[in-house]
Amino acid sequence: MEKIKENVNFIFIIASILLLFLGKLILNITNMSLVSYSHILYFLCFVGLIIIIINYLISKIKFNISYIFIILLIILGIIATNNAIYKQVSLYGQDWRCEGLLSLVSYYVLFIISTFINNKHSKTIINCILTIGIIQIFIGLLQITHFIKSPFDGTPYAKGLDGNSNFFGTQNVLCFGLASGLLLNNRNKKNIFFTITFLFGIILTGSMAAISGLFTIIIIETIYIIKNKLITIKKLIKTSIIILIASICLFLSLNFIFKNKLINDTKELISDTYNILVKRNTENKYGTFRIYIWKYSLKIMPKYMLKGAGIDCLIYVFPQEKNIELIDPLIVDKAHNELLQMAITEGIFTPIIYVSLVIYTLTKKNKNSTIHLKASILGYFIQSMFNISVITVAPLYYIVLGLCNTQGEKL
């Protein structure tokens, strides 16, 4: 019976990954709306809850500290929805985002079932995520070379099946962390191929948020290498130089395809960072207007600190009239910082608990190496400080987060 239970958990997670990928594919080649795609998540949530109950009935679910954080996140989400400006929006999310309470609970259900997965099945799940990621990079390559039509997001960069280069960049960061982390402990050809391909994929998206996640992963893995003395300092320097040269070659090649936009965006990022950190100048236009969004989000946050404005309801409380200060007016519906978004829409306790869950996961001791999972999680977390959460990518993140909190065989 225990074996059957393990197989059911494994099949559910694999089926979820494949079903969500298939949904994204259909979303891109048909007129299917994101609302219809979100119904896949709701279905998985319903089935997942049944599977959690079955796990409990067959063999008592072992206590896992991470469950406390998840339960608190669900409770706070319900409170925020009950007190929302528009309850229906908080429950289902905006039609063009669909990240309401039901979607969030779906993430949490995927997280919990992922903690039931053993070592053998975890490896298969990770390989599945990486393989699907490779397929998306191939699609992204076809997009930038105009073999297939690319969704318009205001940039010439690859979007994969996520419809936006930033969202696609998020997925590539998640996958790069997994691939490069696996490479540290097993230097086989498959892991080398995956690592190089996802490095290429990140550059392909032109996402500066993804670049921040990439650097975070490189730093944490370098510390891991030195701490565990996996290679000598001399070999580390030599390897770093090779990776740097390869990255520059990839960057320059893609910059040529993008007609110098990649270099211009990088220059803008460096200039904005310098002006903010050194000159203490915070013009609204910096960070592709992220400074403008963060500035006014911080001003309204105190009003909604306790109960939140309602999940995905930022658009109703953000001072849109302040757009008159911008050259090109825009509608703000996301804070472009996941913690700030949570604080305004769900209350200040939600980001505190979420960060506590991430810290607990990253500092949790395991008998065997989990550097690939932790690098992936940290890379995603850092890039999310400049990005938004979307239902096409976030489920994969919560699966990885769950795998790093496994209560079964040590990873």
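Residues numbered from 1 in each chain as written. Predicted model: local features only at pLDDT ≥ 70, side-chain atom pairs only at ≥ 80, totals over all residues. Heavy atoms only, no water.

Trainee: Explanation requested: the overall build of the chain in the structure shown.
Mentor: If you tally the helices and strands in the chain, you get 17 helices and zero strands. Against the 2.2 N^0.38 benchmark of 22 Å for 411 residues, the chain shows a C-alpha radius of gyration of 21 Å, consistent with a compact globule. Dimensions of the chain along its principal axes, counting C-alpha atoms only, are 65 × 55 × 45 Å. Within the span of the chain, comprising 411 residues, buried residues form 55% of the whole. (Helix = DSSP H or I, 4+ residues; strand = E, 2+ residues; numbered from the N terminus. Rg over C-alpha atoms; globule rule 2.2 N^0.38 Å. Buried < 20%, exposed > 50% of the residue type's maximum accessible area, 1.4 Å probe, protein only.)

Trainee: Before we go on, may I ask you to explain the side chain of aspartate 312 in this structure?
Mentor: By the secondary structure assignment, aspartate 312 is in the loop between α12 (286-300) and α13 (314-317). Taking relative accessible area as the criterion, aspartate 312 reaches 2% and is therefore assigned buried. Reaching out from aspartate 312, the side chain makes a polar contact with the backbone nitrogen of glutamine 94 at a distance of 2.8 Å. Side-chain polar atoms of aspartate 312 contact the side chain of lysine 334, separated by 3.3 Å. With residues near it in sequence (within four places) discarded, aspartate 312 still touches Val89, Gly93, Gln94, Arg97, Cys98, Glu99, Lys334, Gln341 and Thr345. (Polar contact = N/O pair within 3.5 Å; in protein donor to acceptor, adjacent residues only side chain to side chain. Contact = heavy atoms within 4.5 Å.)

Trainee: What should I look at first to understand the environment of valine 358 in this one?
Mentor: Structurally, valine 358 can be placed in helix α15 (residues 349-363). Sequence-wise, valine 358 and phenylalanine 138 are 220 residues apart; in three dimensions their C-alpha atoms are separated by 31 Å. Apart from residues lying up to four places away in sequence, valine 358 is in contact with Ile377, Phe381 and Tyr397.

Trainee: Could you clarify how one ought to interpret the nonpolar core in this entry?
Mentor: Across soluble globular proteins, nonpolar side chains have a tendency to be buried as a group. In terms of nonpolar packing, the biggest core is built from 97 residues, with Ile13, Ile17, Ile125, Phe198 and Tyr397 touching the most fellow members. Aside from chain neighbours lying at most four places away, what touches isoleucine 13 is Leu110, Ile113, Ser114, Ile117, Ile125 and Ile399. Counting 17 residues, the second largest nonpolar core, distinct from the first, contains Ile300, Leu314, Leu340 and Ile344. (Core = buried A, V, L, I, M, F, W, Y, C linked by side-chain atoms within 4.5 Å.)

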